[in-house]
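Given next are the chains, with one letter for each unit.
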Amino acid sequence: MKYVVVMGGVISGLGKGVTASSIGVVLKACGLRVTSIKIDPYFNADAGTISPHEHGEVDLDLGNYERFLDIKLTRDHSITAGKIHHVIPHITNEIQDWIERIAMVPVDGEVDPADVCIIELGGTIGDIESTQFIEAFSQFSYRVGAGNLCVVHVGLVPVLNVVGEQELEKNVKEKLSLFCHVPVANIFTLYDVSNIWRVPLLLRDQKADQAILKVLNLESVAEEPNLEEWMARADLYDTLHETVRIAMVGKYTGVSDTYLSVMKALLHACIACGRKLLVDWVPSTDLEDSTASVAPDAYSTAWSLLRGADGILVPGGFGERGVEGKILATKHARENDVPFLGICLGMQLAVVEFACHVLKLPDANSTEFDAKTENPCVIIMPECSNEGKGGTMRRGSKRTFFKVANSKSAKLYGSVNHIDERFRHRYQVNPNVVQLFENNGLQVVGTDKTGEIVQIVEIPNHRFFVGVQFHPEFMSRPSKPSALFVGLIAASCGQLDDALQDAACNHEPQQNQRAEKRPAASDLGD
């Protein structure tokens, strides 16, 4: 076993995740078997309880690893300080008491208050903890033996990799080498490029693979890196000019990283359909009637963006804020035959919207938002709990069985009997109202093996109106885009018939594999 440790400053967004992923791509292209582990100094027991406002989606870096390397990671690939401390009983209570004293106030009641990173507290504590991590890596290097460990530093103090706008000139590299004690041959630049798929190509062109392989004593077993597929994808992306406009209706639209996997899945689908992606971020709260009086400009802008979109996507989320706006966006898509994809909460609200405006059920709602509703369309799952957040959901890779073979969803997946997708939810469509929905035009096309848990719904006579309880974005890859995202993009640019035909002829089901017994790292927590 050989180890490449990618580390950097305490500032997020410097490129550590992309660098680690790209190094993995290059080494994999050399014929090596590669996997990734994310080590976070957060006291959270898992990444799912970290605030989406502060840190983006569930585990942003692990999503990068999976997409770049085309691998499937589990919870064992995500290590937090909290996970380690939870298995050391004599200090767990002391740490929890400390966290409760200093932690942030939860946002919208959606995250636990333990959103604390020991190296982000600043001042002396940050310096001490950073030193401890460096010392830990030094001890690790000693224990695994020389030639088994390569340390890559990203950020403010370049050790092997420098992130910047432009390529470093030779004299700059020489100066860095002098002051950082790193050979010039081992200093590389990941400068700005036209798209993210060119980053592994930058590493290859600067012979970063050779430097790493030399440190790891792997030169004799490695091949020349074959990155033709990456080069072809990068070149294709740069030639796309015809656009497709998607309205992303959510509550965290001010922090795009919250929906990073969704954005990547849209991008993968756009490349498959030969379109350049344009995303209009529509804050769901701005669509609500209450905004019209207090912020009329924001209200007008939000509705203008929604009405001008080729397709509408309502992603997952938690908490009541912005729910009314998501329902209004869903209603607009349904009534105006605009292609629509609702994910997790997005599907649940599509059911609520249908109950309110088609079935005319008074007070129809999810018990997540109205525990006393007379017409509960969405209810808490029997095996789940609404007490607390982390570790209380139905999550991980699970199987969905198609009930309707000629549905758009089934066809997009290649007309297979079942698929495996990733879940993370506590609420489900109320089984008692399913027949009422189906009698009135909202079709349940996919369920779990018992037939009780609704996992895919469609409106058959709509151009494309699909809601799914799972998160198809977690399985999307650059070379294997999510079937449902391809469906949304294809429908949004008038290519759905072609996409359905291609799926029937050429589709190799990406989910035709045994379901994972353990949740993937990107499925952890809330």
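On a predicted model such as this, the values are computed, not experimentally measured, just so you know.

Each value, and the rule that gives it
Residue indices follow the written sequence of each chain, beginning from 1 at its first position. In keeping with the predicted nature of the model, local features appear solely for residues at pLDDT of at least 70, side-chain atom pairs appear and are counted solely at 80 or more, and the whole-chain, interface and lining totals rest on all residues. The side-chain values count all of the structure's non-hydrogen atoms but skip hydrogen atoms and water molecules. Numbering of helices and strands runs from the N terminus; a helix is a DSSP stretch of H or I covering at least four residues, while a strand is a stretch of E covering at least two. Whether two residues are in contact is decided by their heavy atoms, any of which lying within 4.5 Å being enough. The set of buried Ala, Val, Leu, Ile, Met, Phe, Trp, Tyr and Cys residues whose side-chain atoms join them within 4.5 Å is what this entry labels a nonpolar core. Relative accessibility thresholds used throughout: buried, under 20% of the residue-type maximum; exposed, over 50%; partly exposed, between the two (1.4 Å probe, protein chains only). You can read pLDDT as the predictor saying how much it trusts each residue, on a scale of 0 to 100. Buriedness for pockets is judged along seven lines, at least five of which must meet protein on both sides within 12 Å for an open set on the 1 Å grid over protein atoms alone, while cavities are sets there where a 1.4 Å probe fits but cannot get out, and lining residues have an atom within 4 Å of a point. Grid points are joined across faces, edges and corners, and a volume is the space filled by probe spheres set on the points. The classification used treats Ala, Val, Leu, Ile, Met, Phe, Trp, Tyr, Cys and Pro as nonpolar, Asp, Glu, Lys and Arg as charged, and all other residues, Gly among them, as polar. Here, axes are lines fitted to C-alpha atoms. For helices the fit covers the stretch in contact, and angles between N-to-C directions go from 0 to 180 degrees. Every angle not falling under 35 degrees, over 145, or within 65 to 115 is termed oblique; those three ranges are roughly parallel, roughly antiparallel and roughly perpendicular. Only strands joined by at least two bridges in the DSSP assignment are considered to pair.

**Student:** Teacher, can you tell me more about the environment of Ile-196 here?
**Tutor:** By the secondary structure assignment, Ile-196 is in the loop between strand S6 (188-191) and helix H8 (199-205). Sequence spacing of Ile-196 and Ser-22 is 174 residues, and the spatial spacing of their C-alpha atoms is 9.4 Å. Not counting the four nearest positions on each side in its chain, Ile-196 is found in contact with Val-18, Phe-68 and Lys-264.

**Student:** Sorry, what's going on with the nonpolar core here?
**Tutor:** It is characteristic of soluble globular proteins that their nonpolar side chains tend to be buried jointly. By size, the foremost hydrophobic cluster in this structure holds 43 residues, and its most contacted members are Leu-266, Leu-313, Tyr-413, Phe-470, Phe-485 and Ile-489. Here this core takes eight residues from helix H18 (residues 483-492), the largest share from any one element. Those residues within four positions of Phe-485 in sequence are excluded, and the remaining contacts are Val-262, Ala-265, Leu-266, Ala-269, Leu-313, Leu-341, Ile-343, Pro-472 and Glu-473. Residues Leu-306, Ala-333, Phe-340 and Val-457 belong to the second largest nonpolar core, which totals 41 residues.

**Student:** Honestly, the confidence of the model for the protein in this entry has me stumped. Any pointers?
**Tutor:** Reading fine detail from the predicted coordinates is not recommended where pLDDT is low. Summarising the model, the protein shows a mean pLDDT of 82, and 75% of its residues fall at 70 or more. This stretch, residues 98-132, has a pLDDT under 50; its non-local contacts, to residues over four places away or in other chains, come to 64 contacts. Low pLDDT, under 50, characterises residues 155-159; the stretch is placed with 11 contacts to residues that sit more than four places away or in other chains.

**Student:** Please clarify how empty space enclosed by the protein should be interpreted in this entry.
**Tutor:** Once rolled over the atoms, a probe with the size of a water molecule shows which space is left empty. Within the structure shown, the criterion is met by six cavities of 30 Å³ or more. Here the second largest cavity defines a volume of roughly 80 Å³. Around the second largest cavity, the lining residues are Gly-317, Phe-318, Cys-344, Leu-345, Gln-348, Glu-368, Arg-424, His-425, Arg-426 and Tyr-427. Of all the secondary structure elements, the ones that give two or more residues to the lining of the second largest cavity are helix H15 (345-357) and strand S14 (418-425). Considered class by class, the residues forming the lining of the second largest cavity number four nonpolar, three polar and three charged.

**Student:** Explanation requested: the packing of helix H14 (residues 323-335) against H15 in the structure shown.
**Tutor:** Axes are the key here: two packed helices are described by the angle between their axes and the distance separating the axes. Contact pair H14 / H15: the axes reach a minimum separation of 9 Å and the direction vectors enclose 70°. Relative to H15, H14 is oriented roughly perpendicular. From H14, Val-323, Lys-326, Ile-327, Thr-330, Lys-331 and Arg-334 reach across to H15, where they touch Leu-345, Leu-349, Ala-350, Val-352, Glu-353, Phe-354 and His-357. A per-class count over the contact of H14 with H15 returns seven nonpolar, two polar and four charged.

**Student:** So what exactly am I meant to see when it comes to the sheet that holds strand S15 (residues 427-429) here?
**Tutor:** Pairing between sheet strands relies on hydrogen bonds along the backbone, with the strands arranged either parallel or antiparallel. The three strands lie next to each other as S11-S12-S15, forming an open sheet whose pairing is mixed. For this open sheet the edge positions go to strand S11 (364-366) and S15, each flanked by a neighbour on one side alone. Across the sheet, the mean angle from the axis of one strand to that of its neighbour is 25°, orientation sign disregarded.

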